[in-house]
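# Descriptive structure summary
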Amino acid sequence: MTADPVVDLRDVSLCYRLAKQRIPSLKEYALHWVRGALVYEQLWALKNVSLSLSAGERLGVVGSNGAGKSTLLKVISGVLKPVEGRRAVRGRVAPILELGIGFDYELTGDENIYLNALFLGHSRKDVESRYQDIVEFSGLGDFVRSPVRSYSSGMLARLGFSIVTAWVPDLLILDEVLAVGDMHFVKKCEERLAEFRRSGTTLILVSHAAEAIRRNCNRCLWLEGGQVRADGPPDEVLALYAGSSAERPGA
Amino acid sequence: MQSCGVLRSLLRHRDLIWALVQRDLRVRYKRSTMGLVWTMLQPLLTMSVMVVVFSTVFRFDLPRYPVYCLAGILFWNFFSQSIVASMVSLRANAAILHKVPLPKEVFPIATVISGVVNLSLALVPLGLILLATGHPLRPSLLFLPVAILVAALFTLGMGLLLSPLAVFFTDVVEMVSVGLSLLMYLTPIFYPMAIVPDRFRFVVRFNPVRSILEVFRDPIYFGKIPPLTHLGVAVGFAAVALLVGAWAFRRNSDKIPYYV
């Protein structure tokens, strides 16, 4: 394949700077700065991560809690700018780092469809053209006219997923979102993922469910301590990962 | 080149900005006429207090003082409330800033636009006061949209400059509030320029906020479009504030999700 990669990360490192003394106020900051006693603890959430994905690749990401999976997704989706390294992402990105982000609980489902899609960078006209599809896929029926605060968490997840996936993206990023919702909805989600696969969408999926990765991905990345431990076919990487967690029971 | 990218990205999110404005207004005027009444009543009440204070305690004679004072209060409310609300807006939308890539300027911009809507609504009681005091209604009032635009651009600049700071340090909002009340007394809102002692006059004169205020108040109180030189200075201040604010915001923009 000679086409440019959809995602291209080169030596990306990212550190969260945690002040040893939490310095939330300007006054304290000034005082500590004057005394020269401002000590930061650096937490490297990602270290020298390189990753290149071409169109149509479907990457599963595994790793224990705090391995940097969510941070990696934030860097790829453009929420966080890495401290070091280069990031290049091509095309339309649909990041689902959390379902129903930006929902306003006092507004109705209807109004939230607009608000949420607008946050994702769509125009009002765009949303109007997809509105029917979103409502249908969510299966909420007349509930879309009720305030979102009366929804169950499953309903929220369904609505959130329906909005983000109403447009076929070049890159779809999913963080653990298939874990919520009932069996029926998960099946519908995976059907939609299959549709996207046929249109050549690149997928990045973070999941703790090995089965979900086997079903939906053709490549797997294992992150540990912010570094890439393995990158390859899902079966191999998942076996390595499973082996390592067996060595450390309870980890 | 980078600023072109930001502008294009903001343009792409223009429907979002408008939706945020509508949400702001809905929260403020939710299901009640009281919200609306309050926006109009609050400046009138403040004005009444000032009229009593300045016509009995501190005497100075300014013809049709209520008009002078109310115009000043409306401007000041818009300016100070928009700045504080801009600073709060980033923290209030922390969840979104953590999860969705978008130009973060949308929040201060939407805040200032809803401020403009509130200011426009508050012009209704001002009109009533104009009629009640027999103040001549001059065509210069038609200049107000331009004056409001200048005030809005200036305010947006200040909001963009200060809002990232409010994310990095929690006490900045309080500091700015104190600063704003000091600034209020350095701006001839309640008092005429003439009562400022000569020694201090230069402070008030070179206060940029005074310049912006007068462009707004002249057409209402004096019934004249501000002279071109005054207007030029005000537009200059607004442009500088906006450029500096936009630049400072951009510089800090990438750090915001780390701290918010």
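This section reports on the structure supplied with the text.

Turning to the overall build of chain B, a few remarks are in order. If you tally the helices and strands in chain B, you get 12 helices and zero strands. Along chain B, helices (α) and strands (β) appear in the sequence α-α-α-α-α-α-α-α-α-α-α-α when read from the amino end. On C-alpha atoms alone, chain B measures out to a radius of gyration of 19 Å, which is about the 18 Å that the 2.2 N^0.38 rule sets for 260 residues. Seen through its C-alpha atoms, chain B measures out along the principal axes to roughly 55 × 45 × 35 Å. For chain B, buried positions account for 50% of its 260 residues. Here the analysis covers contacts within chain B between residues at least 6 apart in sequence; of these, 79% occur between residues at least 24 apart. Per element, the accessible surface of chain B, about 12,500 Å² overall, is 71% carbon and sulfur. Here chain B contributes 23 positively and 10 negatively charged side chains, and the mean placements of these two sets differ by 5 Å.

With that settled, the discussion passes to the overall build of chain A. Each helix and strand counted, chain A has eight helices and nine strands in total. The buried share of chain A, reckoned over its 251 residues, is 51%. For chain A, the share of sequence-separated contacts (at least 6 apart) that also reach a separation of at least 24 residues comes to 71%. Carbon and sulfur atoms make up 51% of the accessible area of chain A, which totals about 12,000 Å².

Let's shift gears to the sheet that holds strand β8 (residues 219–224) of chain A. Residues and elements named next belong to chain A. With mixed pairing, six strands are arranged side by side in an open sheet as β5-β6-β7-β3-β8-β9. The sheet terminates laterally at β5 (93–96) and β9 (227–232), the two strands that pair on one side only. Pairs of neighbouring strands in the sheet enclose a mean axial angle of 15°, with direction left out of account. In the sheet, β5 pairs with strand β6 (residues 171–175) via four bridges, with the strands oriented parallel. Each residue of the ladder has a partner; that of A94, found in β6, is L172.

Before going further, it helps to examine the side chain of H135 of chain B. Position of H135 of chain B among the secondary structure elements: in the loop between α6 (106–132) and α7 (144–168). Among all residues touching H135 of chain B, those that are not within four sequence positions of it are R64, V67, L130, I220 and Y221 of chain B.

So, on to helix α8 (residues 172–185) of chain B. All names here are of chain B. Between the first and last C-alpha of α8 there are 20 Å, a value that for 14 residues agrees with the 20 Å anticipated at 1.5 Å per step. Taken together, the buried positions of α8 are V172, V173, V176, L180 and M184. When α8 is viewed along its axis, its buried side chains cluster within an angular range of 115° and face the same direction. Opposite the packed face of α8, turned more than 90 degrees from it, sit the exposed residues V178, L182 and Y185.

Mapped onto the secondary structure, I212 of chain B falls in helix α10 (residues 208–222). You can call I212 of chain B buried: its relative accessible area is 1%.

Time to look at the interface of chain B and chain A. Think of interface size as the accessible area that goes away when the parts come together; that is how it is often given. On the chain A side, the residues contacting the 30 residues of chain B number 35 residues. When chain B packs against chain A, close to 2,600 Å² is buried across both sides, 62% of that on carbon and sulfur atoms. Contact with chain A buries surface across chain B, with K99, F169 and Y258 of chain B losing the most and accounting together for 25% of the total. For the interface between chain B and chain A, the tally reads three salt bridges.

Residue and element names in this part refer to chain A. Viewed as axis vectors pointing N to C, helix α4 (residues 124–138) and helix α6 (residues 183–198) meet at an angle of 140°, and their least axial separation amounts to 11 Å. On the basis of their axis angle, the class for α4 and α6 is oblique. For the pair formed by α4 and α6, the contact residues are D133, E136 and F137 on the first element and F185, K188, C189 and R192 on the second. Among the residues making up the contact of α4 with α6, the classes are represented as three nonpolar, no polar and four charged.

Residue and element names in this part refer to chain A. The buried fraction of β6 amounts to five of the five residues, a majority that puts the element mostly inside the structure. A two-sided burial pattern is seen for β6, the buried positions comprising L171, I173 and D175 on one face and L172 and L174 on the other. Note that β6 and strand β7 (residues 202–206) share five bridges and pair parallel. Bridged to D175 within β7 is V206.

Residues and elements named next belong to chain A. Relative to the helices and strands, L174 resides in strand β6. A relative accessible area of 0% means that L174 is categorised as buried. A sequence separation of 52 residues divides L174 from G226, and the C-alpha atoms of the two residues are 19 Å apart. Excluding residues within four positions of it along the chain, L174 makes contact with L73, I96, F161, L193, L203, I204, L205 and V206.

Nonpolar side chains tend toward joint burial in soluble globular proteins. Formed by 115 residues in total, the largest nonpolar core has its most connected members in L174 of chain A together with F190 of chain B. Ranked by residues supplied to this core, first place goes to helix α4 (residues 65–92) of chain B with 15 residues. Excluding anything up to four places from it in sequence, F190 of chain B contacts M50, F54, F60, Y65, Y68, C69, I73 and M184 of chain B.

Our focus in this paragraph is the packing of aromatic side chains. Here the structure, examined in full by the defined rule, presents 14 aromatic pairs over all chains. With a centroid separation of 5.8 Å and an interplanar angle of 85°, the aromatic rings of F161 of chain A and F185 of chain A are classed as edge-to-face. Taken as a pair, F161 of chain A in helix α5 (residues 153–164) and F185 of chain A in helix α6 lie far apart in primary sequence, 24 residues in all. Among the residues examined, F161 of chain A registers a relative accessible area of 1% and is labelled buried. An aromatic cluster of three or more residues is present, and its members are F75, W76, F79, F154 and F216 of chain B. Above the face of the Y221 of chain B ring, R64 of chain B is positioned so that its terminal group lies 5.9 Å from the ring centre. When the ring centre of Y68 of chain B is taken as origin, the NZ or CZ atom of R217 of chain B, which lies over that ring, is 3.7 Å away.

Quick notes on the rules
- Residues numbered from 1 in each chain as written.
- Chains lettered and ligands numbered in written order.
- Predicted model: local features only at pLDDT ≥ 70, side-chain atom pairs only at ≥ 80, totals over all residues.
- Heavy atoms only, no water.
- Helix = DSSP H or I, 4+ residues; strand = E, 2+ residues; numbered from the N terminus.
- Rg over C-alpha atoms; globule rule 2.2 N^0.38 Å.
- Buried < 20%, exposed > 50% of the residue type's maximum accessible area, 1.4 Å probe, protein only.
- Contact = heavy atoms within 4.5 Å.
- Areas by Shrake-Rupley, 256 points an atom, 1.4 Å probe, with all protein chains shown as cover.
- Lys, Arg positive; Asp, Glu negative; His and termini not counted.
- Charge placed at Lys NZ, Arg CZ, Asp CG, Glu CD.
- Pairing = 2+ DSSP bridges.
- Axes fitted to C-alpha atoms, helices over the stretch in contact; angles between N-to-C directions.
- Expected span 1.5 Å × (residues − 1).
- Arc of directions from axis to C-beta.
- Buried area = accessible area lost by both parts, 1.4 Å probe.
- Salt bridge = Lys/Arg side-chain N within 4 Å of Asp/Glu carboxyl O.
- Parallel < 35°, antiparallel > 145°, perpendicular 65-115°, else oblique.
- Nonpolar A, V, L, I, M, F, W, Y, C, P; charged D, E, K, R; others polar.
- Core = buried A, V, L, I, M, F, W, Y, C linked by side-chain atoms within 4.5 Å.
- Phe/Tyr/Trp six-rings, centres within 6.5 Å; stacked < 30°, edge-to-face > 60°.
- Lys NZ or Arg CZ within 6 Å of the ring centre and 35° of its normal.

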